[in-house]
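# Notes for the structure review
Each chain, letter by letter, is given below.
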Amino acid sequence: MDNGKCLVSCVKAGLGYDNKAIIENFDFDVYEGDYVCVVGENGSGKSTLIKTILGLIKPVSGQARLHGTLKNGAIGYLPQQTQVQKHFPASVMEVVMSGFLNKVKWKPLFGKAEKKKALKNLDRMEVLSLKNKCYGELSGGQQQRVLLARALCAAEKILVLDEPVTGLDPAAAAAMYAILQDLNNEGMAIVMVTHDLKSIVNRAGKILHISEGGYFYGTVDEYMESGYSKIFV
């Protein structure tokens with residue numbers, strides 16, 4: 001039984017595009033404080049799920065509901081990086097401040113409160129000293145910390161991450177996982193798409209495995225006892 005507030009709820013949802021569902025009859029809930037790892041084969045619908053959670057697409061059938069506070073973009077999102085993004089010609093501070101864009105649409109400029117929170121999140125990610133550096137000149141691990149600081153500027157209760165350790169060396173990946181664990185321990189819900197289940201299975205609380213034949217959603221113990229886990233054993 002989940003005791004926290006339900007942040008995301010899909011009920012008998014068909015997730016897809018152009019009235020064609022990739023995932024059908026999908027039931028999925030994320031509560032405050034959850035740590036959910038999303039796994040599955042390429043093309044199984046993981047990206048479609050993320051776009052649905054972010055409110056970018058609507059289900060072709062059934063329902064996908066976001067808690068009221070999330071409907072205005074209060075979801076922190078860390079996407080997979082492209083080569084273009086890695087060399088983005090902006091300062092670290094500019095990148096992090098862009099996390100507030102959904103919250104200040106009606107303001108011409110960012111205010112003191114936004115700048116204070118941005119600096120706090122950079123400090124939390126241990127990259128405050130890099131605030132004036134060019135984002136494109138940072139290492140991969142530093143860039144991911146900056147992007148996570150940006151996501152925290154948007155986040156109220158939930159972070160959605162798409163392969164956050166891809167391309168990182170083992171030390172940087174371990175550091176990223178430790179940061180996410182600390183955030184989750186403080187009450188932040190984590191929904192993370194990953195292929196690195198063996199490294200994360202002891203941290204996650206729930207596993208969502210999507211495949212062409214259906215999906216599994218349950219606790220880690222339930223998942224390891226299911227047929228879905230065989231691909232990772």
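Before any of the text, the structure's been laid out above.
All figures in this text were calculated on a predicted structure; none of them were measured in a lab.

We now examine unusual backbone geometry. Of note in this structure, asparagine 19 is not a glycine but carries a positive phi near 65°. Topologically, asparagine 19 is positioned in the loop between strand E1 (6-17) and strand E2 (20-31). The backbone phi angle of glutamate 126 is positive, close to 65°, even though this residue is not glycine. Inspection of the secondary structure assignment puts glutamate 126 in the loop between helix H4 (112-124) and helix H5 (140-154).

This part covers the sheet that holds strand E8 (residues 206-211). Across the sheet, which stays open at both edges, the six strands sit in the order E5-E6-E7-E3-E8-E9 with mixed pairing between neighbours. A strand with exactly one partner marks an edge of an open sheet, and here the two such strands are strand E5 (76-78) and strand E9 (214-219). Each neighbouring strand pair of the sheet contributes to a mean axis angle of 15°, computed without reference to strand direction. Summarising the sheet, E8 and E9 pair through six bridges and their orientation is antiparallel. Counted as the bridge partner of leucine 208 is tyrosine 217 from E9.

Another point: the environment of leucine 197. Mapped onto the fold, leucine 197 is located in helix H7 (residues 197-200). The exposure class assigned to leucine 197 is buried, which follows from its relative accessible area of 3%.

Sheet topology note: the E1/E2 ladder contains eight bridges and is antiparallel. Paired with alanine 13 across the two strands is phenylalanine 26, which belongs to E2. The turn linking E1 back onto E2 is made up of two residues, and aspartate 18 within it adopts a positive phi angle of 50°.

The next subject is the packing of H5 against helix H6 (residues 170-185). Two elements in contact, H5 and H6, have axes separated by 10 Å at closest approach and are oriented at 20°. Relative to H6, the element H5 lies roughly parallel. Helix-helix and strand crossings are classified by hand; for H5 and H6 the assignment is right-handed. Residue-level inspection shows Gly141, Gln144, Arg145, Leu148 and Leu152 of H5 in contact with H6, the latter providing Ala172, Ala175, Met176, Ile179, Leu180 and Leu183. Classifying every residue of the contact of H5 with H6 gives eight nonpolar, two polar and one charged.

Cut-off values and rules
- Residues numbered from 1 in each chain as written.
- Predicted model: local features only at pLDDT ≥ 70, side-chain atom pairs only at ≥ 80, totals over all residues.
- Heavy atoms only, no water.
- Helix = DSSP H or I, 4+ residues; strand = E, 2+ residues; numbered from the N terminus.
- Pairing = 2+ DSSP bridges.
- Axes fitted to C-alpha atoms, helices over the stretch in contact; angles between N-to-C directions.
- Buried < 20%, exposed > 50% of the residue type's maximum accessible area, 1.4 Å probe, protein only.
- Parallel < 35°, antiparallel > 145°, perpendicular 65-115°, else oblique.
- Left-handed = near helix turned anticlockwise from the far one by under 90°.
- Contact = heavy atoms within 4.5 Å.
- Nonpolar A, V, L, I, M, F, W, Y, C, P; charged D, E, K, R; others polar.

Without other data, these values stay purely geometric and don't point to any function.
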